[in-house]
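# Fold and geometry: a report
What follows is the residue order along each chain.
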Protein chains: 2
Amino acid sequence: MLRLYDYGESGNGYKVRMLLCRLGLAFEWVELDILQGQTRTPAFLAKNLNGRIPVLRLEDGTHLAESNAILWYLADGTPWLPDDRLARAQVLQWMFFEQYSHEPNIAVARFWHHLPAMSPSQRAQLPEKMDKGHAALAVMDQHLAKTPYFVGDRASIADLALYGYTHVAAEGGFDLAAYPAIRTWLDRISADPAHVAITDTVGAVAPNAA
Amino acid sequence: MLRLYDYGESGNGYKVRMLLCRLGLAFEWVELDILQGQTRTPAFLAKNLNGRIPVLRLEDGTHLAESNAILWYLADGTPWLPDDRLARAQVLQWMFFEQYSHEPNIAVARFWHHLPAMSPSQRAQLPEKMDKGHAALAVMDQHLAKTPYFVGDRASIADLALYGYTHVAAEGGFDLAAYPAIRTWLDRISADPAHVAITDTVGAVAPNAA
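Our subject in this report is the structure included herewith. One numbering rule holds for all chains: residues counted from 1, following each sequence as written. Ligands are numbered from 1 and chains lettered from A, in the order in which they are written. At least 70 in pLDDT is required for a residue's local features to be given in this predicted model, at least 80 for side-chain atom pairs to be given and counted, and no such filter applies to totals for whole chains, interfaces and linings, which use all residues.

## Things to note about the environment of Asp33(B)
Residue and element names in this part refer to chain B. Elements are defined by DSSP. Helices are runs of H or I of four residues or more, strands are runs of E of two residues or more, and each kind is numbered from the N terminus. Checked against the element boundaries, Asp33 lands in the loop between strand S2 (27–31) and helix H2 (42–45). Of the residues examined, Asp33 has 10 C-beta atoms within 10 Å and is grouped as exposed. Expressed as a C-alpha distance, the spacing of Asp33 and Leu2, which sit 31 residues apart in the sequence, is 20 Å. Here a residue counts as buried when 20 or more other C-beta atoms fall within 10 Å of its C-beta, as exposed when 12 or fewer do, and as partly exposed in between; the C-beta atoms come from the backbone.

## Details of unusual backbone geometry
Residue and element names in this part refer to chain A. Cis geometry marks the peptide bond from Ile53 to Pro54; its omega dihedral reads 0°. Along the chain, Pro54 turns up in the loop between helix H2 (42–45) and strand S3 (55–57). Although it is not a glycine, Glu66 adopts a positive phi angle of roughly 75°. Turning to its location among the elements, Glu66 is positioned in the loop between strand S4 (63–65) and helix H3 (67–75).

## Section: the sheet that holds strand S5 (residues 204–205) of chain A
Within a sheet, neighbouring strands are paired by backbone hydrogen bonds and run either parallel or antiparallel to one another. Residue and element names in this part refer to chain A. In short, DSSP must find at least two bridges between two strands for them to pair. Read from one edge to the other, the open sheet built from 5 strands follows the order S4-S3-S1-S2-S5, with strand pairing classed as mixed. One side of each edge strand has no neighbouring strand; the edge strands of this open sheet are S4 and S5. With 3 bridges joining them, strand S1 (residues 2–6) and S3 adopt antiparallel strand pairing. Of the residues in S3, the one forming a bridge with Tyr5 is Val55.

## Section: the interface of chain B and chain A
Reports often express the size of an interface as the amount of accessible area lost when the parts come together. The contact rule is simple: place each C-beta atom from the backbone, and if two of them lie within 7 Å, those residues are in contact. Facing the 27 residues of chain B at the interface are 27 residues of chain A. With 11 residues, helix H4 (residues 85–114) of chain B is the largest single contributor of residues to the side of chain B that touches chain A. Throughout this entry, Asp, Glu, Lys and Arg are counted as charged residues, while Ala, Val, Leu, Ile, Met, Phe, Trp, Tyr, Cys and Pro are counted as nonpolar. The remaining residues, Gly among them, count as polar. Here the side of chain B that touches chain A is built from residues that sort into 15 nonpolar, 9 polar and 3 charged.

## Concerning the relation of the copies chain B and chain A
Relating one copy of the chain to the other requires a rotation about an axis plus a shift along that axis. Each copy of the sequence occupies a distinct position, and chain B is placed on chain A by a rotation of 180° and an axial shift of 0.0 Å, giving an RMSD of 0.0 Å. Both copies of the chain, as the preceding transformation shows, are related through a two-fold rotation axis. Minimal C-alpha separation from the rotation axis in chain B is found for Tyr100(B), amounting to 3.1 Å. A shared binding surface is used by both copies, with 100% of the interface residues of chain B retained as interface residues in chain A. Our superposition of the copies is a least-squares fit, built on the C-alpha atoms of residues whose pLDDT is at least 70 in both.

## Focus on helix H1 (residues 11–23) of chain A
All names here are of chain A. Multiplying 1.5 Å by the helix residue count minus one yields the expected span of that helix. For H1, spanning 13 residues, the distance from its first C-alpha to its last is 18 Å, which sits close to the expected 18 Å at 1.5 Å a residue. Those residues of H1 that sit buried are Gly11, Asn12, Gly13, Tyr14, Lys15, Val16, Arg17, Met18, Leu19, Leu20 and Arg22. For H1, the elements touching its buried residues are S1, strand S2 (27–31), S3, H3, helix H4 (85–114) and helix H6 (157–166). A positive backbone phi angle near 70° is found at Gly24, which sits one or two residues after H1.

None of this, on its own, says anything about what the molecule does.
Below, the structure is given as structure tokens:
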């Protein structure tokens, strides 16, 4: 069975959970506490040298890291990834936008707000994170004002990748009131009958989680 | 003809130049001065809402952004991208690693070193960039100690994506002496007969670059 190493509050892990549930794939779920160093143990570094969740263990025992690479692997051959060469590259364009221009600002600001207290360095960097996060949201809003989904005429993994942290952007201090196209799109994505919330318990608890 | 909007010193643009030359594809080259705001003009934002180079204009006029998405588009169907589903996902794993854990530290430190003077904020953030950059280099070195290329038994776009800024890491203050597997791999990649340097003039100057 597939096994997902994850952290409940992680939007990157949540992307994968969203797709697994939409595809109806059974999986074991192992939560690691990133705040307690559980992704930096020798056992976990043997799964992902970069020491980050999510990691998906495939049926053959291979471990695959990076949330958007996992999404690609799972979606390939399903309606969640288009067949057309250009459309596939455009899905990647938005997923790289997500990891470079969106997540490092919006997810990181949210993470810092979740901490018991920000460090002086984090507090000093926060205004820049807010500016860059709003710039990313503005790019999304301008695009979504013209098209219902990021690529093509149905939802793809580009939408799930961007939904992950956009729908909890307020937890990082980002008010989405100024982004009407994003708010309509969030409702469109969450209307999927197989949609799960980031707080939902999904997957089966793994019996041997080492 | 393909047209690449680029900036000469950009490792992200260089990745695309490397692949275009290896594939023997003719292209027009348009350099934009990112320091003078030439990627934030209305004309350029119409090509990429996110206001960043590289952007590849395809034969049909479509503009594709994000260096690694462009690499994927160009490599699809060539030996630079494996056919196997898992291997393709592993190529993406390393390309997302590059954009999340490598480029924001190594490329950004290099960019700051190229500026006439760092701002106080940049100077304050530099130690963290150095730590995280070395962590990324250590991950690469450990992986390359076991395998000649990032994925499979020949070079792929994962190698080109990581070559882009690794080979100029010293310009960001990163000494590669401690990473012997990386140094051997850099030589392996640059030994390709179609290899070009980041400073090489490649492509034809576009007659109408607007």
